[in-house]
Amino acid sequence: MNPCRLAVSVWLECKETTLLGLSRFYLGKEAIWVRLAAVFILLLVACISTLAKAEFVAPSHFGSPHVPAENPLSEDAFELGRRLFYDPVLSGSNLVSCASCHIQRLAFADGVAKSSGSYGMELEFNSMSLANLMWGPQLFFWNGRVNSLENQALAALVSIEEMDQELGELVAELRAIPDYREHFRYVYGELTSQAVARGLASFMRMLVTDQSKYDGYLRGEALLSEQEEQGRLLFMSGNSTHSAAPGANCANCHNLVPHSRSETTTESFRNNGLDDAEVLSKGLMESTGNPAHRGVFKTPTLRNIEVTAPYMHDGRFNNLREVIEHYNGGVKQSPTLDPVLINRSEPLGTNRHPIKLGLGHEEIDALIAFLKTLTDEKFLTDTRFSNPFPQKN
């Protein structure tokens with residue numbers, strides 16, 4: 001039982017017992033009500049501790065997580081955020097929820113090339129997977145337009161193309177629901193749009209995936225098959241200085257083990273050669289105004305990549321083989337192409353071409369086999385992250 005609610009329960013029982021005159025009886029030299037009061041105080045301390053910080057321990061092979069001081073983790077905030085995440089009342093139409101575009105069995109992605117908004121309007125991008133968001137640079141969305149999970153939640157809510165919700169109306173709707181009024185008062189003191197954002201952010205921060213086969217391998221609990229190990233070596237080999245070195249060079253852009261927060265805001269944003277210069281999308285430039293960021297998009301997590309097709313911000317690749325074939329020989333030249341993807345074996349001063357990995361069918365199969373070891377079946381089905389509302393048959 002939650003210690004806060006247990007404390008209240010004990011106090012009420014103590015009060016009732018006192019009224020019955022039980023406090024006249026003694027246990028040794030101390031009155032029973034003294035003992036009960038001491039228990040109550042201890043439970044209040046536990047209550048305060050619970051509200052201040054959730055019992056969360058980062059996976060041992062991950063870096064240090066980032067949790068803003070103004071929105072500490074707590075079990076109650078997580079549960080409130082979970083309910084908000086699945087509640088369609090958050091949209092202007094009251095028809096879609098956050099979970100409409102972030103589906104648990106798809107690692108909280110949406111499985112389409114381009115997402116649909118509250119009224120069925122096709123959006124420019126698809127929905128990114130939500131996983132391990134307490135680690136890495138704190139810029140969110142494909143184009144990095146917000147700098148915190150709280151702001152990400154608010155941006156999606158008020159976007160006309162996405163959930164089309166007016167925050168004042170949302171607060172009024174939620175205040176009309178007694179359970180929400182009580183829950184917000186208990187967790188945040190009052191029900192405001194900022195409290196809504198904090199609750200949603202708390203839920204998203206706790207979407208931690210660390211039970212894949214690859215995690216087991218890192219912890220020394222599982223062995224990779226021969227093919228998976230070949231794929232792992234291909235993934236890790238190669239470097240940005242000698243791009244002609246054998247290997248797929250994936251690790252230059254994709255960190256498989258979440259690392260500590262970085263203040264380098266554009267660290268995880270790259271132009272990976274999807275388009276020619278003439279047709280480059282704005283990408284990060286839409287947020288920064290910097291022409292050097294045209295065509296630059298956030299590098300997505302590869303955790304659970306097996307279930308998050310189609311791939312890239314616009315879903316142009318239907319499967320992992322198509323993705324690898326792109327890097328194998330389909331990278332296109334443009335002024336903002338990431339240096340990792342430029343062939344540095346060509347002479348300086350020349351118009352260097354994009355790299356070609358030259359992987360054969362067997363190597364591509366091995367790389368795909370390794371990527372599938374990043375699937376965390378427990379994360380995809382964990383009831384702690386699932387819809388808390390009763391489902392209609």
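Scoring rules and cut-offs
Residues numbered from 1 in each chain as written. Predicted model: local features only at pLDDT ≥ 70, side-chain atom pairs only at ≥ 80, totals over all residues. Heavy atoms only, no water. Salt bridge = Lys/Arg side-chain N within 4 Å of Asp/Glu carboxyl O. Helix = DSSP H or I, 4+ residues; strand = E, 2+ residues; numbered from the N terminus. Buried < 20%, exposed > 50% of the residue type's maximum accessible area, 1.4 Å probe, protein only. Lys, Arg positive; Asp, Glu negative; His and termini not counted. Core = buried A, V, L, I, M, F, W, Y, C linked by side-chain atoms within 4.5 Å. Contact = heavy atoms within 4.5 Å. Phe/Tyr/Trp six-rings, centres within 6.5 Å; stacked < 30°, edge-to-face > 60°. Lys NZ or Arg CZ within 6 Å of the ring centre and 35° of its normal. 1 Å grid on protein atoms, 1.4 Å probe; cavity = no way out; pocket = protein on both sides within 12 Å on 5 of 7 lines; lining within 4 Å. Points joined across faces, edges and corners; volume = space filled by probe spheres on them. Nonpolar A, V, L, I, M, F, W, Y, C, P; charged D, E, K, R; others polar.

(A) View of the pattern of salt bridges. Following the criterion strictly, the structure yields 13 salt bridges and no others. The residue Arg 82 makes a salt bridge to Glu 79 at a minimum N-O spacing of 3.3 Å. Of this pair, Arg 82 and Glu 79 are both found in helix H3 (residues 75-86), three residues apart, which corresponds to roughly one turn of the helix. Residue Arg 82 is classed as buried on the basis of its relative accessible area of 13%.

(B) Fine view of the side chain of Asp 210. Mapped onto the elements, Asp 210 comes out in the loop between helix H7 (193-205) and helix H8 (213-218). For the buried Asp 210, no salt bridge is present, and the opposite-charge side chain at shortest range is Arg 219, 4.4 Å distant.

(C) Molecular detail of the nonpolar core. Membership of the largest hydrophobic core comes to 46 residues, with the highest contact counts inside it found for Leu 84, Phe 85, Leu 90, Leu 174, Phe 184, Val 196 and Leu 200. For this core, the secondary structure elements donating two or more residues are H3, helix H4 (149-158), helix H5 (167-175), helix H6 (178-188), H7 and helix H13 (377-381). Looking at this core element by element, the count peaks at seven residues for H7. Residue contacts for Leu 200: discarding those within four places in its chain leaves Gly 81, Leu 84, Phe 85, Leu 90, Cys 98, Ala 153 and Leu 157.

(D) Just the packing of aromatic side chains, in detail. What the rule picks out here adds up to 15 aromatic pairs. When the centroid spacing of 5.4 Å and the interplanar angle of 70° are considered together, the rings of Phe 85 and Tyr 86 count as edge-to-face. Judged by relative accessible area, Phe 85 falls into the buried class, the value being 2%. Judged by centre distance (6.2 Å) and plane angle (50°), the ring pair of Tyr 180 and Phe 184 falls under tilted. Separated by four residues within a single helix, Tyr 180 and Phe 184 lie in helix H6, roughly one turn from each other. Exposure remark for Tyr 180: the relative accessible area of 1% places this residue in the buried category. Overall, the relative accessible area of 0% leaves Phe 184 in the buried class. A cation over an aromatic ring shows up here: Arg 145 above the ring of Phe 141, its NZ or CZ 3.6 Å from the ring centre.

(E) Main features of unusual backbone geometry. Between Ala 309 and the following residue, Pro 310, the backbone shows a cis peptide bond with an omega angle of -5°. Tracing the sequence through the fold places Pro 310 in the loop between strand S4 (297-298) and helix H11 (320-329). Even without a glycine there, the phi angle at Asn 94 is positive, about 60°. At Ala 107, a residue that is not glycine, the phi angle is positive and equals roughly 60°. Looking at where Ala 107 falls in the secondary structure, it is placed in the loop between H3 and H4.

(F) Seen up close, empty space enclosed by the protein. Counted by the stated rule, this structure contains two cavities of 30 Å³ or more. Approximately 50 Å³ is the volume attributed to the largest cavity. As for the largest cavity, its lining consists of Asn 271, Asn 272, Leu 274, Asp 275, Leu 280, Ser 281, Gly 295, Phe 297 and His 313. Taken together, the residues that form the lining of the largest cavity break down as three nonpolar, five polar and one charged.

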